[in-house]
Amino acid sequence: MKVTFPHMGNMYICVKALLDDLDIDYILPPFTSKKTLEIGTKHVPECACLPLKITLGNLMEAYELGADTVLMVGGCGPCRFGYYCEMHREILHDLGTNMKVITLEPPHGDVKEFLRRIKNLTNNAGIFKILHAIKNATKIAIAVDDLERLTFKIRPREVEKGAVNEIYNQFKRDVINLKGSKEIIKFIEETEKKLLQIKTDESFKPLKIGIVGEIYTTIDDYTSFSIQQRLGGMGVEVHRYVTVSNWITEHIIKQTLKLPRDLRFAKAARPYLGTMIGGHAQETVGNTILYAQDGYDGVIQIYPLTCMPEIVAESILPAVERDYDIPVLTLIIDEMTGEAGYFTRVEAFIDLLHRRREKKQVEGKYILSGN
Ligand code: SF4
């Protein structure tokens, strides 16, 4: 059995650690590229969500390298993510790949069943080995997200332009050559030290932008045209609440163990969107309000064309913009999106935020929060 799984941002790092620690043979799909998107677009129905197209492309590329089993997380709730496994299974079958698709549903309280499925994958590994591997993979997911957050802080302030990208991009390339959580954790710590040694201009006060929207398009660099790196290069500090580790801890671990969740976003969103409607729509509305309350200069919402929850969130955001006096730019992505047009809009938004800040400074209203 040669397992594979689709890409989603930096998720490959913690999944790789988990599979290494459990001695599961796997094939990491090549990083997402134009070819990946072309394969997915060719075989997935036109109106399906973009992440479904890209992830199918990942699986087909891994199949060409010898993978025969797909590992996917399942989903529930009122959006199309819950159908991804079935769609993948049927399309892969129609394409004659004979790939087996194994779905790991969030356990919803039934931890025994969840562990039993993992045990089947691992040739009956001991329960302590499985729990230890899950713990280390979670630790890595958190550490990788912390590392990325550090790049968001340092990049706009770096004295030598490109210093952060050089270290961080090399980390993302080289980490695939390591084996097991121990080596990966050590490499993350070494990379963090290197980033902290970068010379920064602490007197510089960057614009601050919160990134909200559908999880895949906000965290996956290929899909978002590396918007977070590009904004950092333009002297903008970004922040994003939605991350892989947040999804693992809030949606899987805490829900399974019935631990209290961080629901500040839901409380903030309640007057506008009082219920979970699927995807991250409630987070999009709630986090936009939290960013406004924290003095951010603006918010960028990103989502794939036809994403139902984010369409609802987008229709609510003008009211949030008005009530909280925070500018919001919405970017919708599909396979036809052109990078130049996309960044023309981003640059115009940055100009607007600069002018707005200058006007507020002249009027004496601007408070340098958190800078
Ligand atoms: S959140 Fe949006 S893009 Fe993601 S599966 Fe649901 S509808 Fe599709």
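Just so you know, these numbers come straight off a predicted model, no measurement behind them.

Structural notes on the sheet that holds strand 5 (residues 236-240)
Spatially, the four strands line up as an open sheet ordered 5-4-6-7, and their pairing is parallel. If you trace the sheet from one side to the other, it starts and ends with strand 5 and strand 7 (328-333), each paired once. Within the sheet, the average angular offset between the axes of one strand and its neighbour, ignoring direction, is 25°. One ladder, built from five bridges, connects strand 4 (residues 207-213) with strand 5; its direction is parallel. Directly across from I211, in strand 5, lies its bridge partner R240.

Some remarks on unusual backbone geometry
Positive phi outside glycine occurs at F225, with the angle close to 55°. In this fold, F225 is placed in the loop between helix 9 (215-219) and helix 10 (227-233). F225 sits in the partly exposed class, given 18 other C-beta atoms within 10 Å. Positive phi outside glycine occurs at D325, with the angle close to 50°. With 9 C-beta atoms counted inside 10 Å, the residue D325 sits in the exposed group.

Some details on the packing of helix 1 (residues 11-21) against helix 6 (residues 127-154)
For the pair helix 1 and helix 6, the least separation of the axes is 8 Å and the interaxial angle reads 160°. One finds that helix 1 runs roughly antiparallel with respect to helix 6. Relative to helix 6, helix 1 is oriented so that their crossing is right-handed. Counting all contacts with helix 1, which are made through I13, C14, A17, L18 and D21, the residues of helix 6 involved are A133, I134, N136, A137, I140, A141 and V144. Looking at the contact of helix 1 with helix 6, its residues break down into 10 nonpolar, one polar and one charged.

A short note on the site of the ligand
Taken together, C49, P51, C79, R80, F81, E214, G278, G279, P304, C307, M308 and P309 make up all the residues around the ligand. Taken domain by domain, the makeup of the shell around the ligand includes at least three residues from each of domain 1 (3-129) and domain 2 (206-371).

Thoughts on the domain arrangement of the protein
Looking at the protein, the domain boundaries give domain 1 (3-129) and domain 2 (206-371). Using only C-alpha atoms to locate each centre, domain 1 and domain 2 end up separated by 27 Å. Of the residues lining the interface, 21 residues belong to domain 1; the matching set on domain 2 comes to 23 residues. Elements represented by at least two residues in the side of domain 1 that touches domain 2 include exactly helix 1, helix 2 (34-43) and helix 3 (50-64). A total of four residues in the side of domain 1 that touches domain 2 trace back to one element, the largest contributor, which is helix 3. A class-by-class count of the residues in the side of domain 1 that touches domain 2 yields 14 nonpolar, six polar and one charged.

Quick look at helix 2
Residues spaced three or four apart along an α-helix point in a common direction, a consequence of the helix completing one turn every 3.6 residues. Regarding helix 2, the residues found buried are T36, I39 and G40. Down the axis of helix 2, the smallest arc covering the buried residues is 95°, so these residues share one side. Pointing more than 90 degrees away from the buried face of helix 2 are the exposed residues K34, K35 and K42. Considering only its buried residues, helix 2 is in contact with helix 3.

So, the sheet that holds strand 2 (residues 69-73)
The parallel open sheet is built from three strands, whose spatial order is 1-2-3. Two strands lie at the open edges of the sheet, namely strand 1 (3-4) and strand 3 (100-104), each paired on one side alone.

Some thoughts on the pairing of strand 4
Counting buried positions over the seven residues of strand 4 gives seven, a clear majority of the element. Across the two faces of strand 4 the burial is the same, with L207, I209, I211 and G213 and K208, G210 and V212 all buried. Bridge analysis of strand 4 against strand 6 (residues 298-304) gives five bridges, and the strand direction is parallel. In the sheet register, I211 faces strand 6, and the bridge partner there is I300.

Conventions adopted
- Residues numbered from 1 in each chain as written.
- Predicted model: local features only at pLDDT ≥ 70, side-chain atom pairs only at ≥ 80, totals over all residues.
- Pairing = 2+ DSSP bridges.
- Helix = DSSP H or I, 4+ residues; strand = E, 2+ residues; numbered from the N terminus.
- Axes fitted to C-alpha atoms, helices over the stretch in contact; angles between N-to-C directions.
- Buried ≥ 20, exposed ≤ 12 C-beta atoms within 10 Å, placed from the backbone.
- Parallel < 35°, antiparallel > 145°, perpendicular 65-115°, else oblique.
- Left-handed = near helix turned anticlockwise from the far one by under 90°.
- Contact = placed C-beta atoms within 7 Å.
- Nonpolar A, V, L, I, M, F, W, Y, C, P; charged D, E, K, R; others polar.
- Near = placed C-beta within 6 Å.
- Domains from an automatic or database assignment.
- Arc of directions from axis to C-beta.

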